[in-house]
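Structural characterization, general
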Amino acid sequence: MPRIIDLLRDGVPNDRAIAQGWVRTKREGKGVTFLELNDGSCLSSLQVVADNQNFDEVLLKQITTGASLRVKGLLVASLGKGQRIEIQAQDIEVFGTADPETYPLQKKRHSFEFLREVAHLRSRTNTFGAVFRVRNACSFAIHKFFQERGFIWVHTPIITNSDCEGAGEMFAVTGLDLPKLATAGKAIDYSQDFFGKPTFLTVSGQLEAEVMATAFTNVYTFAPTFRAENSNTSRHLAEFWMIEPEMAFCDLEGNADLAEEFLKYIFSYVLEHCPEDMAFFQERISDRVMPNAQKIINEEFQRITYTEAVEILQKSKQSFEFPVQWGLDLQSEHERYLAEVHFQKPVIVMDYPAGIKAFYMRLDDDAQSDRPTVRAMDILVPGIGEIIGGSQREERLEVLEARIKAIGQNPEDYWWYLDLRRYGTVPHSGFGLGFERLVQFMTGMGNIRDVIPFPRSPLNADF
Ligand code: 4AD
Ligand code: MG
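Let me begin by describing the structure that accompanies this report. (Residues numbered from 1 in each chain as written. Chains lettered and ligands numbered in written order. Predicted model: local features only at pLDDT ≥ 70, side-chain atom pairs only at ≥ 80, totals over all residues. Heavy atoms only, no water.)

Once that is clear, we can look at the sheet that holds strand E10 (residues 218-226). Taken in spatial order, the eight strands line up as E6-E10-E11-E16-E15-E14-E13-E12 in an open sheet, and their pairing is mixed. Edge strands, defined here as strands with exactly one partner in the open sheet, are strand E6 (152-153) and strand E12 (302-305). In this structure, E12 lies alongside strand E13 (residues 347-353), joined through four bridges in parallel fashion. The residue of E13 that forms the bridge with Arg303 is Ile348. Where helix H11 (residues 332-342) meets the sheet, it contacts E13, strand E14 (373-381) and strand E15 (385-392), and its direction lies at approximately 65° from that of E14. This element, helix H14 (residues 435-443), spans E10, strand E11 (239-248), E14, E15 and strand E16 (428-434) of the sheet and lies at about 55° to E16. (Pairing = 2+ DSSP bridges. Helix = DSSP H or I, 4+ residues; strand = E, 2+ residues; numbered from the N terminus. Contact = heavy atoms within 4.5 Å. Axes fitted to C-alpha atoms, helices over the stretch in contact; angles between N-to-C directions.)

Printed below as a string of structure tokens:
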């Protein structure tokens, strides 16, 4: 059966049509009832015109905002503004009513904070409808981009015993009855646990993606990842989706080239396939949405080194909350200054100090200097800061072993990861794109909790 998007686009006056959806608004005219019916297929609703004398009064009363209906009727040219076609109802079936006394989504505008509390219903609003359609289009574009280039989509484990980022921000996974152990005053013995050792929800699929890249050359993951960092910010989630391509025979410059091409592709795809939703964001959410998208697509990303970034920030005479000093990580305010104010476009920062980055990143040739760096790259965008983090990987066995030891870890725990360097090692690189940060940037939504249907954040795991 055609959806409302099809009727609005292809419907011709005098066609018979059936439309199903949820009532957004109801308006009374002279002897007629006007309904806006939406089925989620597009931002626009289909206007339903019901001649009151053709319908039972009780039935008309049942129809309020939120009710679900099937309407059969005749398409007619619309005299209303902004719509080409509407449906003259001949038959209306009410599937479910929505008591206006209790249904939370009434005609007035609701705050995003309020809508988060009714996340099971918020997708029925214009904004969230548009966000989740754009999210869908982004997902599809991502797969399309990689599949067109011969990348293999690999599925990496959710439950793992390695902390890829080494930041210790993992959620434990256990089959042990912890309350019972606690009551009995017993210590936790992981050898008795389901996997016989401590396990966690993964923070990244990268290490396993590297395994697959050393067989298939080019692979990518697209999966949920989990971080127990207690950051209650507008750009952190405890559960978020990440896309992690990994390429064998690829250095940091090739990695940056791919990341830039990738972002340009996704933005072009979404602008082409979701013009109505994107126009809505530009008009109602942020007037930076279109200019940002155009910059991503049309302008070359700025590439600088970390050392240059620090110099720019120090010369900026801005009063930042956090200090700017070679060797310290860039904070969100610094990242945003670079992308938003200084360059006013996406910036790729490369070659970070080894001391602030993960163990798997390749040591630069300046390893013997007093300021050693690694072949890392972060992509920063206006309004958000870091959207992508990646690196060339350390492919030299001895160097990698030494790095693992230096962070106080046991190389034996990484035996299989080290095997990749022992057998047929190859220069390789990859990056991780935070999917929600991408959708946030694309839609201009201020809070990352509003671009994922069911956000997980500190003290919030409802729905
Ligand atoms: O920079 P990160 O930590 O890099 C990695 O995990 C690497 N293993 C990626 C790789 O090289 N394959 O995370 C990558 C991206 C960040 O740039 C950010 O966009 C996003 O993931 N991200 C988060 N998004 C939402 N909530 C959080 N708590 C996030 N932490 C990271
Ligand atoms: Mg990062």
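Once that is clear, we can look at the site of ligand 1. Taken together, the neighbourhood of ligand 1 is formed by 25 residues, with Glu165, Gln206, Arg227, Glu244 and Glu386 sitting nearest. In the environment of ligand 1, a nitrogen atom lies 2.7 Å from a nitrogen or oxygen atom belonging to the side chain of Gln206. In the model, a nitrogen atom of ligand 1 is placed 2.9 Å from a nitrogen or oxygen of the Glu229 side chain. Among the elements of the structure, E11, E15 and E16 are those that each provide at least two residues to the shell around ligand 1. It is E15 that provides the largest number of residues to the shell around ligand 1, a total of five residues. (Near = heavy atom within 4 Å. Polar contact = N/O pair within 3.5 Å; in protein donor to acceptor, adjacent residues only side chain to side chain.)

Scanning all chains against the criterion turns up 23 aromatic pairs. With 5.0 Å between their ring centres and 45° between their planes, Phe146 and Phe151 make a pair best called tilted. Neither Phe146 nor Phe151 differs from the other in exposure class; each is buried. Among the aromatic side chains, those forming a connected cluster through ring pairs are Phe145, Phe146, Phe151, Trp153, Tyr220, Phe262, Tyr265 and Phe431. Above the ring of Phe34, the side-chain terminus of Arg27 is found at 4.5 Å from the ring centroid. Just above the ring of Tyr352 sits the side chain of Lys357; from NZ or CZ to the centre is 4.2 Å. (Phe/Tyr/Trp six-rings, centres within 6.5 Å; stacked < 30°, edge-to-face > 60°. Buried < 20%, exposed > 50% of the residue type's maximum accessible area, 1.4 Å probe, protein only. Lys NZ or Arg CZ within 6 Å of the ring centre and 35° of its normal.)

Now for the nonpolar core. Here is a general trend for soluble globular proteins: nonpolar side chains tend to be buried in one another's company. Counting residues in hydrophobic clusters, the biggest one holds 66 residues, and the most contacted among them are Ile266, Val270 and Leu438. Among the elements that make up this core, the one with the highest residue count is helix H7 (residues 252-273) (12 residues). Sequence-distant contacts of Ile266, defined by excluding residues within four places in its chain, comprise Cys138, Ala141, Ile142, Leu433, Leu438 and Met442. (Core = buried A, V, L, I, M, F, W, Y, C linked by side-chain atoms within 4.5 Å.)

A few words on H14. Burial analysis of H14 places nine of its nine residues in the buried class, which makes it a mostly covered element. Positive phi appears at Gly444, one or two residues downstream of H14, with a value of about 80°.

Moving on: the packing of H7 against helix H9 (residues 289-298). Following both chains from N to C, one finds H7 and H9 inclined at 135°, their axes separated by 8 Å at the closest point. As judged from the angle between their axes, H7 and H9 are oblique. Note on packing geometry: the crossing formed by H7 with H9 is left-handed. Of the residues in H9, those touching H7 at Leu263, Lys264, Phe267, Ser268 and Leu271 are Met290, Ala293, Gln294, Ile296 and Ile297. Residue classes in the contact of H7 with H9 are distributed as seven nonpolar, two polar and one charged. (Parallel < 35°, antiparallel > 145°, perpendicular 65-115°, else oblique. Left-handed = near helix turned anticlockwise from the far one by under 90°. Nonpolar A, V, L, I, M, F, W, Y, C, P; charged D, E, K, R; others polar.)

Moving on, we come to helix H13 (residues 415-422). Among all positions of H13, only Tyr417, Leu418, Leu420 and Arg421 are buried. Taken around the axis of H13, the buried residues stretch over an arc of 140°, which confines them to a single face. Structurally, H13 contributes buried residues whose contacts are with helix H6 (206-216), helix H12 (397-406) and E16. At the C-terminal side of H13, Gly424 shows a positive phi close to 65°. (Arc of directions from axis to C-beta.)

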